[in-house]
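# Tertiary structure, described
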Amino acid sequence: MPDRSPSRSRHRPPMAPPPSFVWTRRIGLTLVGLLTFLPLYVMLSSSIKPLQDVQAGFEWIPAHLTLRPYADIWSTVPLGHYFLNSLIISSCSTVVSVVIAILAAYAVSRYRFPGRRLFSVTVLSTQMFPGILFLLPLFLIYVNIGAGTGVQLSGSRLGLVITYLTFTLPFSIWMLAGYFDSIPRELDEAARVDGNGPIGSLFRIILPAAVPGVVTVAVYSFMTAWGEVLFASVMTDDSTRTLAVGLRNYASQNDVYWNQIMAASLVVSVPVVAAFLLLQRYLVAGLTAGSVK
Amino acid sequence: MAAATEAARARVSAPPPTPPPPTRRSWERVRRIGLPYLLLLPAVLFELLVHVVPMLVGIFMSFKQLTEFFIRNCSAAPSAGLGNYRFALDVNSAVGRNLLHSFWITCGFTVLTVGLSWLIGTGAALLMQDPFRGRRLLRTYFLIPYALPAYTAAITWEFMFQRDTGLVNTLLVHDLHLFKQPPFWLLGGNSFWALVITAVWRTWPFAFLVVTAGLQNIPGDLYEAAAIDGAGVWLRIRSITLPQLRPVNQVLVLVLFLWTFNDFNTPYVLFGNVPPPQANLLSLQIYDTSFQSWNFGSGSAMSVLLLVFLLLVTAAYLLVTNRRGNADA
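Residues numbered from 1 in each chain as written. Chains lettered and ligands numbered in written order. Predicted model: local features only at pLDDT ≥ 70, side-chain atom pairs only at ≥ 80, totals over all residues. Heavy atoms only, no water.

- You'll find chain B entered in an unreviewed UniProt entry as Sugar ABC transporter permease, with Streptomyces humicola given as the organism.
- In its Sequence similarities (unreviewed entry) section, UniProt records this for chain B: "Belongs to the binding-protein-dependent transport system permease family." (UniProt positions renumbered as here; feature names shortened; annotations may be inferred.)

- Per an unreviewed UniProt entry, chain A goes by the name Carbohydrate ABC transporter permease and belongs to Streptomyces humicola.
- Per its UniProt entry, chain A bears the Sequence similarities (unreviewed entry) comment "Belongs to the binding-protein-dependent transport system permease family."
- The UniProt entry for chain A carries the following comment under Subcellular location (unreviewed entry): "Cell membrane".

### Observations concerning the side chain of Ser46(A)
- Along the chain, Ser46(A) falls in helix α1 (residues 19-46).
- Overall, the relative accessible area of 1% leaves Ser46(A) in the buried class.
- Not counting chain neighbours up to four residues away, the residues in contact with Ser46(A) comprise Tyr41(A), Val54(A), Phe58(A), Asn259(A), Met262(A) and Phe159(B). (Helix = DSSP H or I, 4+ residues; strand = E, 2+ residues; numbered from the N terminus. Buried < 20%, exposed > 50% of the residue type's maximum accessible area, 1.4 Å probe, protein only. Contact = heavy atoms within 4.5 Å.)

### A word on the pattern of salt bridges
Residue and element names in this part refer to chain B.
- Within this structure, the stated rule accounts for five salt bridges over all chains.
- With its nearest N and O atoms 3.5 Å apart, the salt bridge here joins Arg-236 to Asp-130. Highlighted residues: Arg-236 in helix α11 (residues 233-244) and Asp-130 in the loop between α4 (94-127) and α5 (135-142), separated in sequence by 106 residues.
- When its relative accessible area of 4% is taken as the criterion, Asp-130 is described as buried.
- Notably, a salt bridge pairs Arg-163 with Asp-164, separated by 3.7 Å at the nearest N-O pair.
- Judged by its relative accessible area of 57%, Asp-164 is exposed. (Salt bridge = Lys/Arg side-chain N within 4 Å of Asp/Glu carboxyl O.)

### Quick word on the confidence of the model for chain B
- Residues with a pLDDT of 70 or more make up 88% of chain B, whose mean pLDDT is 83.
- Scored below 50 in pLDDT, residues 1-16 of chain B shows one contact in the model against residues more than four places distant or in partner chains. (pLDDT = per-residue confidence, 0-100.)

### Focus: the environment of Leu38(A)
- Among the secondary structure elements, Leu38(A) is positioned in helix α1.
- For Leu38(A), a relative accessible area of 22% gives the class partly exposed.

### Let's talk about the confidence of the model for chain A
All names here are of chain A.
- Counting all residues, the mean pLDDT for chain A is 84, and 91% of those residues have values of 70 or more.
- Of all helices and strands in chain A, the one with the weakest mean pLDDT is helix α14 (residues 280-292) (65), whereas helix α4 (residues 79-110) scores best (93).
- Within the model, the stretch residues 1-10 combines pLDDT values under 50 with 13 contacts to residues more than four positions away or in other chains.

### Quick notes on the interface of chain B and chain A
- Counting residues at the interface gives 103 residues for chain B, matched by 103 residues for chain A.
- Between chain B and chain A lies a buried interface of about 9400 Å² when both sides are counted; carbon and sulfur atoms form 77% of it.
- Looking at the side of chain B facing chain A, the largest losses of area belong to Leu39(B), Tyr151(B) and Phe159(B), adding up to 8% of the total buried there.
- Top contributing element to the side of chain B that touches chain A by residue count: helix α2 (residues 23-61) of chain B, with 20 residues.
- Broken down by class, the residue content of the side of chain B that touches chain A amounts to 69 nonpolar, 21 polar and 13 charged. (Buried area = accessible area lost by both parts, 1.4 Å probe. Nonpolar A, V, L, I, M, F, W, Y, C, P; charged D, E, K, R; others polar.)

Given below as structure tokens:
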């Protein structure tokens, strides 16, 4: 965390806060903490209750504890299959997106060329377009590409990978360009003197110095792909279904297996939440560098 | 071009004393000029495929009578002129009325969600600016809702809002005795509030994260000067921190607005394909028109209208906030 570094101490307001502030802080943060806590507690406690108990009404303290839901989630619906689909799609789109963003951000940060501003503005403005706007045309384009060339994009993992990697490109390029800008040019020149070309200095000098930015962008890309619902609900079929859509299948005609839904939600959340929380200090550093620009 | 002719003329008028530059050199020049474009090429290609071309196709489709019969052959669809737009904007028809209703619902939802998320996020970030025991842990904890995949957060709230088995009614009816009968939360008028609560729960940590990052860029000398002047913590927040956060807030509020206005995940997971009319956001309405009623032409027209609205609001917002920022400076 930033507070550990010595230079931060001068950012610290010098006086001890007055009691009014301390009490506002205690009360305010407690309320916000409770609000945050309730759904997490419901998720956790319901995931270890038997189905009858969950259906009988909510109890704060579970009367019976069981780990059965965690075993059942894998057989009630093909959760493992959905998991694998989500993992493949999210990983591939993250890797490709980060590589493309690094190249583009390097060009934007280190070169002055005609069209540079146009590129930045156009790419950034696509970030504001609602997904619903190009869902339909993109779906039709994928269907028509499939009909014309035989490359199945609609309903395939490849189609979703291409879609998701583009979602995060604008933010990633903007963030990384800001990050690269904060790396002194002298490093590039030193690399040139050592006989590196532009690409060599990017990979040997700039990237190692920009690890926090790259990590931020990668986490953001992965989280976006892992949590996307809209395109997944239209562009997947039974064999390529992702977790975002698959979790709906725990409701049968007679029963909603709420304990299993909560268990499955927890299982699919843990990887991304853990990664996010472990890397959040990079994220704050990355956002800070980005906002300086 | 001009450089080439000039070079040609120079060669004619005076024979070059030096041999022509080695091809290696000019090849390097081409590479130098071409390199940035080469680096941008993959990004541009994907942006074209997924964003730009579909948007143009969408605009094209909005002028067509496009139904499921023409999915594989769009160009064969008969032209509709402005019919789709007239259809969507005709407030006397059911479709037009629903769309207008959705629009107002979405506006209310956006204002409440952005306002509350910003308020809670900024408040928490300001309260946590000074170090205290457990601050690091609390920061991490507050980010959990944002880190959760959108659908698991919404599913959990859906469970909590169940009338007979959910936590919300247990709390309000059994523990606090606020209601005699447990109310419905996912049907009727309450569904709007269920939607707002769920969205705020997921969104405020993002505001918190951005403001926390923004606070670290405020120079420490400002605080020191204020301390020497004897300013207390509340005055400090009002006169230094909030004004210094203005550029961060300008971007933050815009991003929150765009995300919330276009939110599809939260209502879709909370209510499924058929949301209650009181919580029928625009994105769901368009989705329903396109993929449930298979009326692609009208769906596209609605999307284009939404885009135009977003562009106008964004432009107006940037104009107003920039002018005000300049006036202050």
